[in-house]
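Structure at a glance
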Amino acid sequence: MYPQINEIDPANPVVEITSDLGKIIIELFPKQAPKSVENFLGLSKKGYYNGTIFHRVIKDFMIQGGDPMGTGMGGQSLWGKPFEDEFSNELFNLRGALSMANAGPNTNGSQFFIVQNQNLPAQMVGQLKAANYPQEIIQAYLEGGTPWLDHRHTVFGQVRTGMAIVDKIATLKTNNDRPVEDVTIKNIVIK
């Protein structure tokens with residue numbers, strides 16, 4: 001029911017992001033976020049992300065990429081126009097979640113982020129319980145995540161291997177949330 005906290009489903013696509021600092025392997029969830037997964041896979045197959053950078057990095061929050069301009073202001077979806085959000089009651093912005101970056105409701109393009117936060121604020125546990133979050137998800141959030149982004153950013157994947165690389169990128173020296181030294185996505189391979 002909650003694919004992020006279960007074993008990899010062999011029916012789901014898996015991608016390998018190779019960066020300057022190492023590889024990140026992510027399971028995608030087409031059943032819950034079909035259009036977001038189609039967009040990400042389609043752009044990856046076209047080499048759209050090759051040579052792009054993680055242009056926005058905030059320790060204890062997330063790392064963001066997917067803008068060919070490297071500014072956070074660019075990028076287009078596979079269809080050349082923004083597409084709608086796909087919120088699921090089965091996917092959450094847990095630590096390691098792959099989510100769509102956006103500029104507000106239904107403005108998804110090419111940009112994405114990986115949730116890096118390891119320290120859920122203590123008061124959030126009570127808020128999650130009050131909001132009737134499933135116990136398994138509350139437990140998973142104790143390992144980190146950004147629940148305040150749930151139903152604001154489409155979750156469409158989960159890091160399965162390589163969180164140490166995500167953490168390493170998140171700790172880089174930045175200037176206005178941009179790494180001082182670029183971390184490049186060399187390629188994204190569909191496994």
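Residues numbered from 1 in each chain as written. Predicted model: local features only at pLDDT ≥ 70, side-chain atom pairs only at ≥ 80, totals over all residues. Heavy atoms only, no water.

1. Comments concerning the pairing of strand β2 (residues 22–28)
What counts, and what does not: Each residue gets one of three labels from its accessible area relative to the maximum for its type: buried under 20%, exposed over 50%, partly exposed in between, using a 1.4 Å probe on protein chains only. Helix numbering and strand numbering both begin at the N terminus, where a helix is a DSSP run of H or I of at least 4 residues and a strand a DSSP run of E of at least 2. Paired strands are those between which DSSP finds at least two bridges.
Across the 7 residues of β2, 5 count as buried, placing the element largely inside the fold. Relative to β2, strand β1 (residues 14–19) is paired through 6 bridges, and the arrangement is antiparallel. Opposite Val-15, over in β2, you have Ile-26 as the bridge partner. Following β1, the chain reverses through 2 residues before pairing antiparallel with β2.

2. Observations concerning the packing of aromatic side chains
Selection criterion: Stacked, tilted and edge-to-face pairs are distinguished by plane angle, under 30 degrees for stacked and over 60 for edge-to-face with tilted covering the rest, among Phe, Tyr and Trp rings (Trp via its six-membered ring) whose centres lie within 6.5 Å. A positively charged side chain is recorded as over a ring if its NZ (Lys) or CZ (Arg) lies within 6 Å of the ring centre. The angle to the ring normal must also be within 35 degrees.
Inspection of the entire model under this criterion finds 9 aromatic pairs. Between Trp-79 and Phe-83 the ring centres are 5.3 Å apart and the planes differ by 80°, which places this aromatic pair in the edge-to-face class. In this arrangement the basic side chain of Lys-35 is found over the ring face of Trp-79, its NZ or CZ atom lying 5.0 Å from the centre.

3. Some thoughts on the sheet that holds strand β7 (residues 112–115)
Inclusion rule: The contact definition used throughout considers only heavy atoms, calling two residues in contact when any of these lie within 4.5 Å. Comment: axis = line fitted to C-alpha atoms, over the contacting stretch for helices; angle = value between 0 and 180 degrees taken between N-to-C directions.
If you walk across this open sheet you meet the 9 strands as β3-β11-β1-β2-β8-β6-β7-β5-β4, and the pairing is antiparallel. Where the open sheet ends on each side, the last strands, each with one partner, are β3 (52–53) and β4 (56–58). Bridge analysis of β2 against strand β8 (residues 155–161) gives 4 bridges, and the strand direction is antiparallel. Counterpart to Glu-27 in the pairing with β8 is Gln-158. Of the strands in this sheet, β1, β2, β6 (97–100), β7, β8 and β11 (184–190) touch helix α1 (residues 34–45), which is tilted by about 110° from β11.

4. Description of the UniProt feature "domain: PPIase cyclophilin-type" (unreviewed entry) in the protein
This is how the line gets drawn: UniProt positions are given in the numbering used here, feature names are shortened, and annotations may be inferred rather than shown by experiment.
The UniProt entry lists residues 19–190 under the feature "domain: PPIase cyclophilin-type" (unreviewed entry), expressed in the numbering used here. The distance separating the terminal C-alpha atoms of residues 19–190 is 15 Å; by composition the span is 21% helix and 25% strand.

5. What about the side chain of Ser-19?
Note the threshold: N or O atoms closer than or at 3.5 Å make up a polar contact, with two conditions inside protein: a donor-capable atom paired with an acceptor-capable one, and, for residues adjacent in sequence, both atoms drawn from side chains.
For Ser-19, the location among the structural elements is in strand β1. Overall, Ser-19 belongs to the buried group, its relative accessible area being 3%. Side-chain polar atoms of Ser-19 contact the backbone nitrogen of Leu-21, separated by 3.1 Å. Setting aside its immediate chain neighbours within four residues, Ser-19 contacts Phe-54, Ile-165, Ile-169, Val-183, Thr-184, Ile-185 and Lys-186.

6. Some points on the nonpolar core
Heads up, the rule is: In this description, a nonpolar core means a group of buried Ala, Val, Leu, Ile, Met, Phe, Trp, Tyr and Cys residues linked to one another through side-chain atoms lying within 4.5 Å.
Grouped together as the largest cluster of nonpolar side chains are 29 residues, with contacts concentrated most on Ile-26, Leu-28, Phe-40 and Phe-156. When contributions to this core are tallied by element, the ones reaching two or more residues are β1, β2, α1, β6, β7, β8, α4 (163–170) and β11. Setting aside its immediate chain neighbours within four residues, Leu-28 contacts Asn-12, Pro-13, Val-15, Val-37, Phe-40, Leu-41, Leu-98, Phe-156 and Gly-157. Judged by nonpolar contacts, the second largest core, of 11 residues, contains Phe-92, Leu-94, Leu-120 and Met-124.

7. Some points on the pattern of salt bridges
A pair can form between side chains of opposite charge whenever their charged atoms are brought close. Note the threshold: Each salt bridge in this description consists of a side-chain nitrogen of Lys or Arg and a carboxyl oxygen of Asp or Glu lying within 4 Å of one another.
Under the counting rule described, the total for this entry stands at 7 salt bridges. We note a salt bridge from Glu-27 to Arg-160, for which the minimum N-O separation is 2.8 Å. With a gap of 133 residues between them, Glu-27 in strand β2 and Arg-160 in strand β8 connect regions that are remote in the sequence. We classify Glu-27 as buried; its relative accessible area is 1%. Through salt bridges with shared partners, one network takes in Glu-16, Lys-23 and Lys-191.

8. Some details on the pairing of β11
Note that β1 and β11 share 5 bridges and pair antiparallel. Within β11, the residue paired with Ser-19 across the bridge is Ile-185.

9. Some words on the side chain of Arg-95
For Arg-95, the location among the structural elements is in the loop between β5 (62–65) and β6. A distance of 2.7 Å separates the side chain of Arg-95 from the side chain of Asp-167, its partner in a polar contact. What Arg-95 contacts, discounting residues up to four positions off in sequence, is Val-115, Gln-116, Asn-117, Gln-118, Glu-143, Gly-144, Gly-145, Gln-158, Met-163 and Asp-167.

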